[in-house]
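# Fold and contact review
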Amino acid sequence: MDIFEELLNLFLPSSCIICAATGSSVCSDCLQKFRFAPNKVSRHQVNHLTGFATCEYTPEIAKIIHEYKEGHQTALAKVMTPAMSKALQNFELANTYLVPIPSKRKSFTARGFEPATVLGKALARQVAKDCKFLLPVKQILSFSHLVADQASLGGQDRRINLVGSMVAKLPRDFCDGPRVILVDDIVTTGSTMAEAYRCLTSAGVEVIGFVAFAETLPRNRQNVSEKSV
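Let us look at the structure shown here. (Residues numbered from 1 in each chain as written. Predicted model: local features only at pLDDT ≥ 70, side-chain atom pairs only at ≥ 80, totals over all residues. Heavy atoms only, no water.)

## Details of the sheet that holds strand 3 (residues 96-100)
Strand order in the open sheet formed by five strands is 1-2-7-6-3, with mixed pairing between adjacent strands. Only two strands of the sheet have a single partner each, and these edge strands are strand 1 (42-46) and strand 3. Between one strand and the next, the sheet's axes are offset by a mean angle of 25°, whatever the strand orientation. Pairing of strand 1 with strand 2 (residues 49-56) involves five bridges; the strand directions are antiparallel. Paired with Q45 across the bridge in strand 2 is T50. The sheet contacts of helix 3 (residues 59-69) involve strand 2, strand 6 (179-187) and strand 7 (206-215), and relative to strand 7 the element is tilted by about 110°. Each of strand 1, strand 2, strand 3, strand 6 and strand 7 touches helix 8 (residues 191-202); the most contacted strand, strand 6, lies at about 160° to it. (Pairing = 2+ DSSP bridges. Helix = DSSP H or I, 4+ residues; strand = E, 2+ residues; numbered from the N terminus. Axes fitted to C-alpha atoms, helices over the stretch in contact; angles between N-to-C directions. Contact = heavy atoms within 4.5 Å.)

## What about unusual backbone geometry?
For A20, which is not glycine, the phi dihedral falls at a positive 75°. Looking at the secondary structure, you find A20 in the loop between helix 1 (3-11) and helix 2 (28-33). Here A20 falls in the exposed class, since its relative accessible area comes to 51%. Even without being glycine, K132 reaches a positive phi, approximately 55°. Mapping K132 onto the fold places it in the loop between helix 6 (115-131) and strand 4 (141-143). Of the residues examined, K132 reaches a relative accessible area of 70% and is grouped as exposed. (Buried < 20%, exposed > 50% of the residue type's maximum accessible area, 1.4 Å probe, protein only.)

Here's what the structure looks like:
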């Protein structure tokens, strides 16, 4: 917790979204219960793409993500990024950019912000703090047309729903042979990560992996993807 948050809690005390204790949006006791540690990071394979998730999608984690995305408590990104920063140490970070998974148009209109973009920027700040290393965040992906809500679809339908749905707009300052790591809050079946991979690689971008805060599938599963954004 930084000085600003301490002052804010002094005059406008918040409650832990897990246990309702006063003082912080997620109290220190609840944080200690979460298994955010390097040896707990789960490795996943989505087609040719390797990625990592830092925790399982438990009811408590679901509350954090829900309040972050739907409750507009974007400060909760500080709870997610320390473990995600550790997960990034599995990659070579030189000449690498963080690329957030885009929100669907309907979700962006409802929320007013893109959760993965805010998370990516917070993650970059955490990496700079942990490793003294600057990772640029590039918001270059978007959906080219409306797609159905992923949450209502099965695995095969999720993949069909998203194929060809993303486009990439590469910035002028992208150096030759850019490398990127995809960033999102949750990974479930693999279809959105796979579509982002397809979109970027077809544009000549090397995607070296992804990192997500939470996973919804058992750790012994080989193929995963993330939940609809």
